[in-house]
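The residues making up each chain are set out below.
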Amino acid sequence: MTKEELALEIIGRLKKEYPDAGCTLDYNQAWKLLVSVRLAAQCTDARVNVVVEDLYARFPDVDALADAPVEEIEKIVKPCGLGHSKARDISACMKILRDDYKGKVPDDFDKLLKLPGVGRKSANLIMGDVFGKPAIVTDTHCIRLVNRMGLVDGVKEPKKVEMALWKLIPPEEGSDFCHRLVCHGREICTARTKPYCEKCCLNDICGKKLV
Ligand code: SF4
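From a predicted model like this one, the values you see are computed outputs, not experimental measurements.

Undergrad: Is there a simple way to explain the domain arrangement of the protein chain in this structure?
TA: When cut into domains, the protein chain gives domain 1 (3-22 + 136-199) and domain 2 (30-129). On a C-alpha basis, the centroid separation for the pair domain 1 and domain 2 is 26 Å. Contact residues are listed per partner, giving nine residues for domain 1 and six residues for domain 2. Sorting the residues of the side of domain 1 that touches domain 2 by element identifies α10 (158-166) and α11 (174-187) as the ones contributing at least two each. Each residue belonging to the side of domain 1 that touches domain 2 can be placed in one class, and the counts come to three nonpolar, three polar and three charged.

Quick look at the structure:
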């Protein structure tokens, strides 16, 4: 099986296994996802979902958050870790949305990438989830799983994994595929040395490169 064929087979099987997989960060407006993805660095999505409730109760829109003192934001987001740098990025980011984009999140990858605290992973997540555009989100689950499966060979650097996957994954499948990798990585192909291959739907086609 070529890597392209393997990718299509994996996409199909994971689709059946996790038909409703989606983003596990709660948001109802694009700017809120921007805030949440910044808070999610080295923090669980579940904790972020709780912390943002307090944040939005106090600062309910882009203008309020852009005007908020960084120390006030920091006090609220502290439970997510890295409170100071996250608060500083969120503040700077909201100011740019307010001043340059009329309070809206730009639907352009390169513009997203220029926002404070937004890297390729976050920009891809927003392009896929908010704007329904092609996206490959290379988080820790994605990188671990595609290496184990044999879709990439010993590539750990997120941008290199992303570039390799763009060649294998049909663009319209990328965003959902990455959400499904997260589900599969949490439930079956866990970070332990010995994942649950015996109950994995990919058992007969996976490269099982468990190094
Ligand atoms: S067969 Fe094992 S290594 Fe491969 S995806 Fe499934 S759990 Fe992970």
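Undergrad: Explanation requested: the environment of isoleucine 76 in the structure shown.
TA: Note that isoleucine 76 resides in helix α5 (residues 70-77). Exposure remark for isoleucine 76: the 20 C-beta atoms within 10 Å place this residue in the buried category. For the pair isoleucine 76 and leucine 55, spaced 21 residues apart in sequence, the C-alpha to C-alpha distance is 6.2 Å. In contact with isoleucine 76, other than residues within four places in its own chain, are Val51, Asp54, Leu55 and Arg58.

Undergrad: What is the right way to look at α5 in this model?
TA: The periodicity of an α-helix, 3.6 residues per turn, causes residues three or four places apart in sequence to face the same way. Considered for burial, the residues of α5 that qualify are Ile73, Ile76 and Val77. All buried residues of α5 lie within an arc of 90° about the axis, which places them on one face of the element.

Undergrad: What should I look at first to understand α11 in this one?
TA: In a regular helix each residue adds 1.5 Å, so 14 residues correspond to 20 Å; α11 covers 20 Å between its end C-alpha atoms and thus fits that length. For α11, a buried count of 11 out of 14 residues is recorded, marking the element as mostly surrounded by other parts of the structure. For α11, the set of buried residues is Gly174, Ser175, Asp176, Phe177, Cys178, His179, Arg180, Leu181, Val182, His184 and Gly185.

Undergrad: Please clarify how unusual backbone geometry should be interpreted in this entry.
TA: Leaving glycine aside, a negative phi is the common case for residues, and trans is the common case for peptide bonds. For glutamine 42, which is not glycine, the phi dihedral falls at a positive 55°. In this structure, glutamine 42 sits in the loop between α2 (30-39) and α3 (45-58). Within the chain, lysine 102 stands out as a residue other than glycine whose phi angle is a positive 50°. Tracing the backbone shows lysine 102 in the loop between α6 (83-100) and α7 (109-113). Its 8 C-beta neighbours within 10 Å are what place lysine 102 among the exposed residues.

Reading the values: rules and limits
- For every chain, the first residue of the written sequence is number 1, and numbering continues from 1 onward in sequence order.
- Reporting of local features is limited, given that this is a predicted model, to residues whose pLDDT is at least 70; pairs of side-chain atoms are given and counted only at 80 or more, and all residues count toward the totals for whole chains, interfaces and linings.
- Bear in mind that the domain bounds are from an automatic or database domain assignment.
- C-beta atoms are first placed from the backbone for all residues, and any pair lying within 7 Å is then listed as a contact.
- Here a strand is any run of E in DSSP of at least two residues, a helix any run of H or I of at least four, and the numbering for each starts at the N terminus.
- Put simply, Ala, Val, Leu, Ile, Met, Phe, Trp, Tyr, Cys and Pro go in the nonpolar bin, Asp, Glu, Lys and Arg in the charged bin, and everything else, Gly too, in the polar bin.
- As a rule, residues whose C-beta atom has 12 or fewer other C-beta atoms within 10 Å are exposed, those with 20 or more are buried, and those in between are partly exposed; C-beta atoms are placed from the backbone.
- By construction, the arc corresponds to the directions joining the helix axis to the C-beta atoms.
- A helix is expected to reach a length of 1.5 Å times the quantity of its residues less one.

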